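Residues per chain, in single letters:
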Amino acid sequence: MKRIIVLFAVCLAVGQITMAQDIEEDLFDLSLEELMNIEIVSASKKSESSFKSPLSSTVVTKDEIMASGATTIEEALRLVPGMVIREETNGNYDVHIRGNDNLPPGNYVFYSENTMSLVMIDGRPVYNYINGGTLWESLPIGLGDVERIEVVRGPSTALYGPNAVTGAINIITKTAADKSISANGNAQLGTMGTNILDLSLGSSLMDDKLKIRVSGNLENRDRGQETYYSFYHGDYKTGDQIPDYTTGLVGNNFPNPSKSKERKGANAFISYQPNDNVNLSMSSGVQESLAQSVFMETNMSPMSNRSTTSKYVDVKGDIYGFSAQISHNTSYYNILAGTGSQTSKFDSDINTANLEYDLNLGKITLRPGINYQQAVYSDLSYGGGESRGYLNAEQTLSNIGYFLRADYKPFEKLRLIAAIRNDHYNTPESDYLSYQFISTYNFTESHMVRAVYSKANRGSFVIDSYANYSYGDGITRPFIQYLGSENLELPVMTMIEVGYRGVLNKLLTLDVEIFHTETSNLTSFEPTFLGVDNFGLHLIYAYDNLDLKARQTGTTFSLNLAPSSKVQLKAYATIQQTKLQNYDKEITPVIIDPANGILELPQIERMDVVHKQTPSVFGGITGNFRPVDKFNLFAGDCTT
Amino acid sequence: MLLLTMVSIQVAWAQKEKYHSILIYNFSKYVKWPDAQSSGNFVIGVLGNSKIEKELTDMASSKQVNGMSIEIKHFAAISQISGCHILYVSQEESAKIDEIQARTKGQAILLVTDKPGLAKRGAAINFVEVDGKIKFELNQQNVENRGLKVASSLSSLAILV
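Residues numbered from 1 in each chain as written. Chains lettered and ligands numbered in written order. Predicted model: local features only at pLDDT ≥ 70, side-chain atom pairs only at ≥ 80, totals over all residues. Heavy atoms only, no water.

Quick notes on the overall build of chain B
Counting its secondary structure elements, chain B contains five helices and 10 strands. The buried share of chain B, reckoned over its 161 residues, is 52%. Nonlocal contacts in chain B, meaning residues at least 24 apart in sequence, comprise 58% of its contacts between residues at least 6 apart. For chain B, the computed accessible surface area is about 6800 Å², with 49% contributed by carbon and sulfur atoms. (Helix = DSSP H or I, 4+ residues; strand = E, 2+ residues; numbered from the N terminus. Buried < 20%, exposed > 50% of the residue type's maximum accessible area, 1.4 Å probe, protein only. Contact = heavy atoms within 4.5 Å. Areas by Shrake-Rupley, 256 points an atom, 1.4 Å probe, with all protein chains shown as cover.)

Here is the structure:
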């Protein structure tokens, strides 16, 4: 059990390791009073065990988040090497791991959003299956609920399930302190109409075996302007001047012109650990959110609103080597609130179940498991049955996965890890095999090399698979259809990676990873067919697989300097290049000109290019100065 | 992912021993032993198996207490306990606290334990964890019964029981 825990352990920010090394020396010089104020939990995370982590990964703790002054979970991820964090409007972000974003380039804005990373809260996927990715503002928890964030870089479907293609982010929530009653609060007011509130109450009962925590969070932000760019006018206009793209009518299409983000959530967490072999926990919560950003454009404006309400329940149990988790989420989404009011509303039900078991066979530890995920989306309650929705139906995506993870340590310095997983999807109805083969070799206590060969795949989305939307009545022109495909092959990434982690001296620690990935089966949404019916030509936009291959080669390094226990400096950067093979570039655009009877497909030219949308270099520099325990000065600059 | 959440707990314990060893070193500065024990080596005994022994051994190689070299002694059984300034009782031996008391009664030994409740059952100092920080309980009566004296600067930082 212990070994397999370490096996899948996420390593910690390399900088922290240096800090630990240095602290060990300095601790003897600290006064007893200072010693009593050291938090062992966070300090312990900066220990040798994290140093031996087999994966390219980083943990950001609540203390680091607090020291950095981050106001959102997405901002806190800027402390993690290898991340591209783009702020789209005030407080709204698109988060990528290592890039591979905006594929294929030149397509719709929503293709620039990351759909290939898996985000979880306490192991529960919080994935948007409408068009993929994560709607960060719709997470039910606030920053005040976060104990730590674990980030794994690189294809990790075999370990974490579908969609962990470029990596996985797991947000671990806090448990109540070991006190009969505890309360925490954080209120922030700022410019741009920013106000943020996190409150929680905790209670530990029965000798701290039973822990209960309830929390609430609130966040409001303004855009800083009330106008929108209008494709229709070619200029900035107020929202009431821009037509709804489905009806052509002007009106109250942007009802919250000044807001960029509004969200609120409430959660309850209960855990019960009667003994070392049994640990049960349950969490449940509700949330409501609105975000106004460049998430999904229409032919009227690049800006749109999206709103969500949802509730969830998540139950977990670790019982004598068995780990089980079951979750349910019910949501309402309007992904184009205001601007495409008749088309974009959905109800969803998402269910997940996971069961794993530890089998310790001496030198080898096995962890077999089974996983089921189901996402049901319907727009039938919102006029979908009358051909006005994107789906006009209730559609279900599901997959069942079987996996086996093995950890083998033939001798002290060498560890071999293999994880293999097969998922059977209902859409497309086929099987996908994913794997991760990992080896680590410790030359000495201070120097470790690691190598990973892995393959992962994304899951499917309802829009890509089941879009069935028509623009026009089918009689008058233009008549345009937007059609999904149930047979789209799922995007797949393979990776080979080598890494080195070393304590160079007691002040300096280095972590380097060099990776090469190849991504294929990407999809696009293009005008691809001109059909003919009784009333003339009509245009079909179809979701389709591409011959495009994206090959990324890069390196991420993280350097940590801790000249004393009071000062910590960290620099991290990723240098990468992504080459695209078989990129179909539009040379001329689609022409829809019903007044002149012109309907033309775009002209395409196939080419190999260097992908420009992921920066060649991105990273950050941070510094912490903590002269006394209760004061910390943070300075940081991140470029993404 | 459940696994990941357990990692920190696992790691925390490994690191805890290091802090305990540093605190034990600090205690030696704030406790006064009888003059008869102020020469020779400063002996720290460890009863039972604990990772702290390695941490203490590492520390002993570079530190001194009042000019005395530090010697770490391992006691596999209660019957082996003899001649130490500080005795650390591993968690696995904690249940035998009454037996340990009987064996060391009257000896000038600072008895250090790491299990809830032991400061009330004979230990001089007992490590506890409060809000993720290591604290220690101090039972002054148990200290004085063994002819030791504790500086007020130590007792002011302790949870007195």
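Quick word on the layout of surface pockets
Residues and elements named next belong to chain A. Each pocket or cavity is described by its volume, and for the second largest pocket that value is around 780 Å³. Contributing to the lining of the second largest pocket are 31 residues, with Y108, N299, Y482, F525 and Y541 lying nearest its centre. Secondary-structure elements contributing two or more residues to the lining of the second largest pocket are strand 16 (322-337), strand 24 (468-471), strand 25 (480-483), strand 28 (523-533) and strand 29 (536-545). It is strand 28 that provides the largest number of residues to the lining of the second largest pocket, a total of three residues. (1 Å grid on protein atoms, 1.4 Å probe; cavity = no way out; pocket = protein on both sides within 12 Å on 5 of 7 lines; lining within 4 Å. Points joined across faces, edges and corners; volume = space filled by probe spheres on them.)

Overview of the packing of aromatic side chains
Residues and elements named next belong to chain A. With the rule as written, the count across this model stands at 28 aromatic pairs over all chains. With centroids separated by 5.8 Å and ring planes inclined at 85°, the aromatic side chains of Y425 and Y432 adopt a geometry described as edge-to-face. For Y425, a relative accessible area of 2% corresponds to the buried category. On the basis of relative accessible area, Y432 is assigned to the buried category, the value being 12%. Aromatic ring contacts, followed pair by pair, group Y108, F110, Y111, Y333, F346, Y377, Y390, Y469, Y482, F525, Y541 and Y543 into a single cluster. One cation-aromatic arrangement involves R306 over F295; the distance from NZ or CZ to the ring centre is 4.3 Å. (Phe/Tyr/Trp six-rings, centres within 6.5 Å; stacked < 30°, edge-to-face > 60°. Lys NZ or Arg CZ within 6 Å of the ring centre and 35° of its normal.)

A closer look at the side chain of H85 of chain B
Its location among the elements puts H85 of chain B in the loop between strand 4 (68-75) and strand 5 (86-89). Setting aside its immediate chain neighbours within four residues, H85 of chain B contacts W33, Q37, N41, F42, V43, M68, A108, I109 and L110 of chain B.

Remarks on the sheet that holds strand 4 (residues 117-121) of chain A
All names here are of chain A. Within the open sheet, the five strands sit side by side as 1-6-7-4-5. Their pairing is mixed. Both outer strands of the open sheet, strand 1 (57-61) and strand 5 (124-125), are each paired with one neighbouring strand and no more. The pairing of strand 4 with strand 5 spans two bridges and is antiparallel. The residue of strand 5 that forms the bridge with M120 is P125. (Pairing = 2+ DSSP bridges.)

A look at the environment of P81 of chain A
Residues and elements named next belong to chain A. Positionally, P81 belongs in the loop between helix 7 (73-76) and strand 2 (83-89). What makes P81 buried here is its relative accessible area of 4%. Put simply, P81 and T58 are 23 residues apart on the chain and 7.6 Å apart in space, counted from C-alpha to C-alpha. Sequence-distant contacts of P81, that is, excluding residues within four places in its chain, are made with T58, R153, T556, S558 and Y572.

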